[in-house]
Amino acid sequence: MEYSPILHSLHVVPSSHVKNKLFVFFIMLSLWVYMIYCCVGYCSTMPNLAYGSVNRHENDAEVDNHQESSLGASRDLLNNENDVDSRGEEWDEIRGEAKALDDNAMSGFLNESESKKLPQAIIIGVKKGGTRALLEFLRLHPDIRAVGAEPHFFDRNYDKGLEWYRELMPKSSEGQLTMEKTPSYYVTKEVPARIYTMSKDTKLIVVVRDPVTRAISDYTQTRSKKPDIPSFENLTFKNMSAGLIDTTWSAVQIGMYAKHLERWLQFFPMEQLLFVSGERLISDPAGEMARVQDFLRLRRVVTEKHFHFNPAKGFPCLKRPEGNSKPHCLGKTKGRTHPNIDPEVVQRLRDFYKPFNSKFYQMTGHDFGWD
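For the chain, an unreviewed UniProt entry supplies the name Sulfotransferase and the organism Seriola dumerili. Here the chain is described in UniProt, under the heading Sequence similarities (unreviewed entry), as follows: "Belongs to the sulfotransferase 1 family."

Listed below in structure tokens is the structure:
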């Protein structure tokens, strides 16, 4: 049989064409695998956002169905931690998680040694003290991995177990610190024992603020969602004419810092707790961050070059020191204008908190200057 160059070319061309198609196919397959990996990694840091969203809708429906006009019903509504503790954070949580994804997706793909760990440090409170700001400041540190949303594991979801809790955490490598923040932990009776059971070595951070200002800020947040609630003055007193403060109202109760601290000291030594000044976190964020980084035994990476004070917001915004990008400020739920409160009511609250503040100063060895 004679050799035919025509037949030879007919066989060679299809063979080369098939190889090219296979090569393209494998490239596309690799890209799809990488995209799926990134999606799975992202979703693993976010399950509580979906869970929280369901809870928020359920709470909305429950409040709308049962809201009453009486003062007692309003007090119950304001004491509902599910309603007032986590709302208004959606922008910050989603923004924070997206930033974490951008920063860590590629490194997580390349570093297979990363894994999800239970937190070694927790910001346990207090609500409206500055916990969101502190968490965002800490997330600038390369040795910290922190979940943006509030897990509420030790107060609301404890029955789901530690493995559920671990799955909420972002992946971290050896030498990196895993953290979370849930401000209601500090005032929830069962939480100290539960965290101790997880790890007696857990480092605990409490952001505290003038309890009177904190209470007004707490009320302001609630009123932004429920405009028809009674006045701050009415909610503050059991009996206004007698001047009897209502300590069952959560906005007042949270500020009794010394009372709550006694419960924590039954399980953890004072050296495992750090008390951050919410006021100094605004006026001197770099100084407070130096204390926090030392407490966590981390390098002082987050410094004054990372902060830009925003006079319109009234608190510092974050910036990347190596670039000229616009500073990133916390969301619109932060820095709300407080209502004008009767000065006499403010003074009575200051008198009420004074013994609690004095005891707190003595217990912590630090005068926060609120009186």
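## Regarding the pairing of strand β6 (residues 203-208)
By the criterion of burial, β6 is predominantly enclosed, with five of the six residues buried. Sheet topology note: the strand β2 (residues 121-125)/β6 ladder contains four bridges and is parallel. Note that in β6 the partner of Ile-122 across the bridge is Leu-204. Here β6 runs beside strand β9 (residues 273-277); their pairing, made up of five bridges, is parallel.

## Here's the deal with the packing of helix α9 (residues 211-225) against helix α15 (residues 343-364)
At their nearest, the axes of α9 and α15 sit 9 Å apart, and the two run at 125 degrees to each other. Between α9 and α15, the angle is such that the two are oblique. Across the interface between the two elements, Pro-211, Val-212 and Thr-213 of α9 pack against Val-346, Leu-349, Arg-350, Tyr-353 and Asn-357 of α15. Among the residues making up the contact of α9 with α15, the classes are represented as five nonpolar, two polar and one charged.

## Points about the UniProt feature "active site" (unreviewed entry) in the chain
In the numbering used here, UniProt assigns the "active site" (unreviewed entry) feature to Lys-128. Note on placement: Lys-128 falls in the loop between β2 and α6 (131-138). Overall, Lys-128 belongs to the buried group, its relative accessible area being 14%.

## Some words on the pairing of strand β5 (residues 177-181)
In terms of residue burial, β5 counts as a mostly covered element, since five of its five residues are buried. The alternating pattern of β5 places Leu-177, Met-179 and Lys-181 on one face and Thr-178 and Glu-180 on the opposite face, and all of these are buried. Two strands pair when backbone bridges link them, and strand β3 (residues 144-146) and β5 are joined in this way by three bridges, in the parallel orientation. When the sheet's bridge partners are listed, Arg-145 is paired in β5 with Thr-178.

## Things to note about the nonpolar core
Core analysis: the biggest nonpolar cluster contains 30 residues, and Ile-124, Phe-154, Tyr-186, Ile-195, Trp-264 and Phe-360 have the highest contact counts within it. At the level of secondary structure, the elements contributing two or more residues to this core comprise β2, α7 (162-168), α8 (191-198), β6, α12 (257-264), β9 and α15. At four residues, α12 tops the list of elements feeding residues into this core. Leaving out residues up to four positions away in the same chain, Phe-360 has contacts with Tyr-186, Val-208, Tyr-257, Ala-258, Leu-261, Phe-275, Phe-368 and Trp-370.

## Focus: the pattern of salt bridges
Within this structure, the stated rule accounts for 16 salt bridges. As a salt-bridge pair, Glu-167 and Lys-116 come within 3.4 Å of each other at their nearest N and O atoms. One end of the pair, Glu-167, is in helix α7; the other, Lys-116, is in strand β1 (residues 115-116), and 51 residues separate them in sequence. Here Glu-167 falls in the partly exposed class, since its relative accessible area comes to 42%. With its nearest N and O atoms 2.7 Å apart, the salt bridge here joins Arg-280 to Asp-284. For Arg-280, a relative accessible area of 32% puts it in the partly exposed group. By sharing partners, the salt bridges in this structure join Arg-280, Asp-284, Glu-288 and Arg-291 into a single network.

Definitions and cut-offs
- Residues numbered from 1 in each chain as written.
- Predicted model: local features only at pLDDT ≥ 70, side-chain atom pairs only at ≥ 80, totals over all residues.
- Heavy atoms only, no water.
- UniProt positions renumbered as here; feature names shortened; annotations may be inferred.
- Buried < 20%, exposed > 50% of the residue type's maximum accessible area, 1.4 Å probe, protein only.
- Helix = DSSP H or I, 4+ residues; strand = E, 2+ residues; numbered from the N terminus.
- Pairing = 2+ DSSP bridges.
- Axes fitted to C-alpha atoms, helices over the stretch in contact; angles between N-to-C directions.
- Parallel < 35°, antiparallel > 145°, perpendicular 65-115°, else oblique.
- Contact = heavy atoms within 4.5 Å.
- Nonpolar A, V, L, I, M, F, W, Y, C, P; charged D, E, K, R; others polar.
- Core = buried A, V, L, I, M, F, W, Y, C linked by side-chain atoms within 4.5 Å.
- Salt bridge = Lys/Arg side-chain N within 4 Å of Asp/Glu carboxyl O.

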